[in-house]
Amino acid sequence: MNAAGVIPIVSDIHLGEDVRFDAWLFSMMMDNNIAYRMNPDIIAGPEQLAFMVNLRENQVYLPCSDATFALLYDPANASSLQHQYNRAWRIIMRLLRSLTQTVEERKRLVQFCRFRFKQSIAKHTLIPSRLVKRMTNLVLAQANLPDDPWWEKRRDSTKRQLALLKMDSVCTNLDAMPDAVKPLGITATRCMLNYVELARLLCLSAMSRPWLDVPPDKHHVRESMDIAERACTFLQKYFTKNSKTASTILFLCDADGGVILDLAVANHLVSMGHRVIFAVKSGFFFFAPILDDMDTDPSIATMLGHGIVLRNPRISKNDLLRCLREYRLVIIGDGTRERLNLYRTSVTFSRAWKEADIILGKGWRLADVLLGTSHEFTRDVVCYWCDEAGFHIQLRPHAVSAHKFTEMDITTQAAKIIATMRNAHDHGRTVMFYSCVIGSIPGETKTAIALVRAFIDNLRKRMDNVLIINPAEHFIEGMDGDDLMYMWEKVQRSGLIDVWRFQTVEDIEESFALLGRKVTPQWSGKDATFSTGCTKEMRIALDVQSKNKEMQIIGPDPQRFLRRGDYGIGKFFDASIADGMTR
């Protein structure tokens, strides 16, 4: 508890205010293996998290609800926390009982699990969902089993889901006209019917587990769907208000399964004109659909239609946007084998979240993580689930300060720069593009901008009738490396560049001299070959030159642009630099 004796909520957690709390927090994050600097290769860094969570300076994100954090933080809650740990134990024992083992092998596994379980919960710092993930890994490793022991169970489940979708009691109610339909006109009536059908499909998706266990009669289905329709009334107004154009919806699945019925929801959203990114697990997570199922389960294949399955866990922004233009349904893996944990999601998932307008999450587990936390997210979140009290659906608006640069926003900005270049050509001016180090030296972005501005200002004084495009003059607050590179590639491939100049060591030395300063150690010997962005731009420049032979490339030898690979997600500098600094 803090000095006032109050347990903080997760959004109140900031580093640097209490050294004792900071020490406990770091220890807790290490125990859960979500401390970025301890394992930067598999844990999302601040820039990647910023795609999904709206964090202030020194604010810490935790992948759990406020209620779960309170159990971890306050020793007085030990018995309540133990109750959640006991639930995790029952899940693991259910998994173990489902495996084909001899009596002796099972006894050995139970004893091993009991030993590791007691060790894991001894400090009462492990998030219960992380405990399930850890114990699942141990069971599968010790049993010498394949990574996906329940693939047959999921195949059987998807077959039964298809049968449920075709049941007379379900089909009749899905197709039934709503009561008291008023003559609203063709467009308004079509819109109303779309959202009625969406509400019914969401109900069917949420009820997948209980209705698979006990097939419902026609009256029960109708009653449940009527309740869902009333609960979903806000959806039509929400979509109408927020979607002048088609929305991009990121759909998150649940551990209880129901993928066939989830895809029915996704396909209906596609038929309404939206784009759907359907996120599944990247590996075994009980009944949750996994990436391999998308290719191997014949029942799922019947629901995918013309969708595409993306297996690349680190897809680029360009490639993701291209897929969303070409396909209305895109299936990705979230990079994890556990309940939603944004620290462990893949680059592809993070970019999908960033490009989405709405996050649609199924099940109480996602509601717990996304609605039960006081953290704010960068996109609107809608969660729906079913429990003993019935059907629930809830909207959580995005953080007020979160802003999405849409593809149209970025394209418009690029079009303005291209128009300037075209106008220069029309007036007989030469167009020069200057590729320079902006953010490739961590912590030196302000210095980089000052250097290039000084150099370009001086260059303009010395050159006549030349338009020089300086990226530092078009820096847009809030844009990350993904957005900027996407914008500049449109400009660079316009075919309007006459001279493409890359920053040299001499340029940097001259820039420092113009500022009346000596070259600092961080900049000594640097040139465009040390920039991740410039490396990408050199590849683009060579490609453009192959189609436009008259374009000149000036600067370091293209063969020297080999040292940089790719941006860390959301960064302005190479991922390998950041990794080297943290090791």
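(A) Looking closely at the sheet that holds strand β1 (residues 248–252). Here we have 7 strands laid out as an open sheet, ordered β3-β4-β2-β1-β5-β6-β7, and mixed in their pairing. Since the sheet does not close on itself, it has two edges, and those belong to β3 (308–309) and β7 (390–396), each with one partner. The sheet contact formed by strand β6 (residues 380–387) and β7 spans 7 bridges and is antiparallel. Along β7, the bridge assignment pairs Trp385 with His392. Lying on the sheet, helix α17 (residues 347–355) is in contact with β1, β2 (275–280), β4 (329–333) and β5 (358–362); it crosses β1 at an angle near 135 degrees.

(B) Representation of the sheet that holds strand β11 (residues 552–554) in the model. Spatial strand order, β9-β8-β10-β11: 4 strands in an open sheet with parallel pairing. This sheet does not close on itself; its edge strands, each paired only once, are β9 (466–469) and β11. Neighbour-to-neighbour, the strand axes of the sheet open up by a mean angle of 20 degrees, direction not taken into account. Taken together, the 3 bridges between strand β10 (residues 499–502) and β11 define a ladder with parallel strand orientation. Its bridge partner being in β11, Trp500 is matched across the sheet by Ile553. Relative to strand β8 (residues 430–435), helix α20 (residues 445–462) is tilted by about 160 degrees, and along the sheet it contacts β8, β9 and β10.

(C) Main features of the packing of aromatic side chains. In total, this model carries 22 aromatic pairs according to the counting rule given. Each ring, one from Trp24 and one from Tyr73, has its centre 5.3 Å from the other, and the planes form 80 degrees; the classification is edge-to-face. Here Trp24 is found in helix α1 (residues 19–31), whereas its partner Tyr73 is found in helix α3 (residues 66–73), with 49 residues between them in sequence. With a relative accessible area of 23%, Trp24 lands in the partly exposed category. An angle of 40 degrees between the planes, with centres 5.7 Å apart, marks the rings of Tyr61 and Tyr343 as tilted. In this pair, Tyr61 sits in the loop between α2 (46–50) and α3 while Tyr343 sits in the loop between β4 and α17, placing the two residues 282 residues apart along the sequence. Accessibility expressed as a relative area gives 5% for Tyr343, which makes it buried. The structure contains a cluster of three or more aromatic residues connected by ring pairs, namely Trp150, Phe284, Phe285, Phe286 and Phe287. Sitting over the face of the ring of Tyr486, Lys317 holds its NZ or CZ atom 5.8 Å from the ring centroid. Positioned above the aromatic ring of Phe51 is the side chain of Lys354, whose terminal nitrogen or guanidinium carbon lies 5.1 Å from the ring centre.

Here is what the cut-offs are and how they apply
- Throughout this description, residue numbers start from 1 for each chain and increase along the sequence as written.
- Two thresholds apply to this predicted model, a pLDDT of at least 70 for residue-level local features and 80 or more for giving and counting side-chain atom pairs, whereas whole-chain, interface and lining totals are computed over all residues.
- Working from all heavy atoms in the structure, the side-chain values ignore hydrogens and water.
- Strands were regarded as paired on the criterion that DSSP finds at least two bridges between them.
- To qualify as a helix, a DSSP run of H or I must reach at least 4 residues; to qualify as a strand, a run of E must reach at least 2; elements of each kind are numbered from the N terminus.
- The contact rule is simple, with two residues in contact once any of their heavy atoms fall within 4.5 Å.
- All axes here are fitted lines through C-alpha atoms, helices being fitted over the stretch that makes contact, and every angle between N-to-C directions spans 0 to 180 degrees.
- In this scheme Phe, Tyr and Trp rings, the latter by its six-membered ring, pair at centre separations within 6.5 Å, and the angle between planes marks the pair as stacked below 30 degrees, edge-to-face above 60, and tilted otherwise.
- For the exposure calls, accessible area comes from a 1.4 Å probe over protein chains only, and a residue counts as buried if that area is under 20% of its type's maximum, exposed if over 50%, partly exposed in between.
- Criterion for a charge above a ring: Arg CZ or Lys NZ at most 6 Å from the ring centre, at most 35 degrees from the ring normal.

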